[in-house]
Amino acid sequence: MMVNNMREQLVKAGYAQNSRPNMQKKGQQFDFDNFDVVTEAEKAIKGLQYKDRYDNIKIDVTTSQIRKFLTAVNVVRNKVDLYKAKNKGAEALSEELTAEIKFLKVNLLYQAGRTAAVKQFMTVSKLNIIIDGIGDSLARFVKFTKYVEALVAYHKFLGGKDK
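As the structure is a computational prediction, the values presented were derived from the model and not from experiment.

Novice: Teacher, can you tell me more about the overall build of the chain here?
Specialist: Scanning the chain from terminus to terminus reveals 7 helices and 2 strands. Reading the chain from its N end, one meets helices and strands in the order α-α-β-β-α-α-α-α-α. Going through the 163 residues of the chain one by one, you find that 41% of them count as buried. Across the chain, the fraction of contacts at a sequence separation of at least 24, relative to all contacts at a separation of at least 6, is 74%.

Structure (structure tokens):
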């Protein structure tokens, strides 16, 4: 039942039935240039919506679960802001900051392993793929942080709650 519901939600979000949105072909990079933060965030959260037996629109992932990841992102963002202040005009991040950004994926995967709703959120939002595509690019990281903030905003706007 849960798998069929998730599959229906992925199809509704615009993914082909046979596609695997959380997988990336070897060597393929995430396309940040054509990535519209607002549109993709709205599409991702709408892809998590479903109707319960009383015809109410629900989203399984809670505000707390998404905000927990946002908090981890903001910790790294603060370090990046300090780095930008010390290194004016820098376009690339240090190895240490790049490693911390990659560690955000570990944080996300841990939460996804604990709760099916977070795993579905990660798959639909493609956060794990996006993190892989950041590399040492400052501009990509800034775009990523805006995307995570947009996910939180759309989740709240479209009826996401804590249980």
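Novice: Can you help me understand the packing of helix H4 (residues 95-114) against helix H6 (residues 127-134) in this one?
Specialist: Packed helix pairs are characterised by how far apart their axes lie and by the angle those axes make with each other. Relative to each other, H4 and H6 sit at 165 degrees, their axes nearing to 8 Å. On the basis of their axis angle, the class for H4 and H6 is roughly antiparallel. Here the hand of the crossing between H4 and H6 comes out left-handed. Residues Ile101, Lys102, Leu104, Lys105 and Leu108 of H4 touch H6, and the partners they reach there are Leu127, Asn128, Ile131, Asp132 and Ile134. Tallied by class, residues from the contact of H4 with H6 come to 6 nonpolar, 1 polar and 3 charged.

Novice: Help me understand the pattern of salt bridges in this model?
Specialist: Opposite charge on two side chains makes pairing possible when the charged atoms of those side chains draw close. A complete count under the given rule lists 6 salt bridges for this structure. With its nearest N and O atoms 3.0 Å apart, the salt bridge here joins lysine 79 to glutamate 100. Of this pair, lysine 79 sits in helix H3 (residues 63-86) while glutamate 100 sits in helix H4, and the two are 21 residues apart along the sequence. Look at lysine 79 and you get partly exposed, because its relative accessible area is 36%. Among the salt bridges present, the one from lysine 105 reaches aspartate 132, with a minimum N-O distance of 2.8 Å. Remark: aspartate 132 occurs in helix H6 and lysine 105 occurs in helix H4; sequence separation between them is 27 residues.

Novice: Just checking my understanding: could you explain the side chain of glutamine 111 for this structure?
Specialist: For glutamine 111, the location among the structural elements is in helix H4. Taking relative accessible area as the criterion, glutamine 111 reaches 8% and is therefore assigned buried. Within the structure, the side chain of glutamine 111 is placed 2.6 Å from the side chain of asparagine 107, a separation counted as a polar contact. Among residues more than four places away in sequence, those in contact with glutamine 111 are Gln65, Lys68, Phe69 and Val118.

Novice: Quick question: what am I supposed to make of H4 here?
Specialist: Side chains that are three or four residues apart share a direction in an α-helix, a result of its 3.6 residues per turn. Compared with an ideal rise of 1.5 Å per residue, which puts 20 residues at 28 Å, H4 spans 29 Å between its outermost C-alpha atoms and is within 8% of the ideal. Taken together, the buried positions of H4 are occupied by Leu97, Thr98, Ile101, Leu104, Leu108, Gln111 and Ala112. One side of H4 carries all its buried residues, which in axial view fall inside an arc of 130 degrees. Turned more than 90 degrees away from the buried face of H4 sit Glu95, Glu96, Lys102, Phe103, Tyr110, Gly113 and Arg114, all of them exposed.

Novice: Before we go on, may I ask you to explain H3 in this structure?
Specialist: With 24 residues, H3 should reach 34 Å at 1.5 Å per residue; the first-to-last C-alpha distance of 34 Å fits that figure. Among the residues of H3, Thr63, Ile66, Phe69, Leu70, Ala72, Val73, Val76, Val80 and Tyr83 are the ones counted as buried. Tucked into the core, H3 has its buried residues touching H4, helix H5 (116-125), H6 and helix H7 (138-157).

Cut-off values and rules
Residues numbered from 1 in each chain as written. Predicted model: local features only at pLDDT ≥ 70, side-chain atom pairs only at ≥ 80, totals over all residues. Heavy atoms only, no water. Helix = DSSP H or I, 4+ residues; strand = E, 2+ residues; numbered from the N terminus. Buried < 20%, exposed > 50% of the residue type's maximum accessible area, 1.4 Å probe, protein only. Contact = heavy atoms within 4.5 Å. Axes fitted to C-alpha atoms, helices over the stretch in contact; angles between N-to-C directions. Parallel < 35°, antiparallel > 145°, perpendicular 65-115°, else oblique. Left-handed = near helix turned anticlockwise from the far one by under 90°. Nonpolar A, V, L, I, M, F, W, Y, C, P; charged D, E, K, R; others polar. Salt bridge = Lys/Arg side-chain N within 4 Å of Asp/Glu carboxyl O. Polar contact = N/O pair within 3.5 Å; in protein donor to acceptor, adjacent residues only side chain to side chain. Expected span 1.5 Å × (residues − 1). Arc of directions from axis to C-beta.

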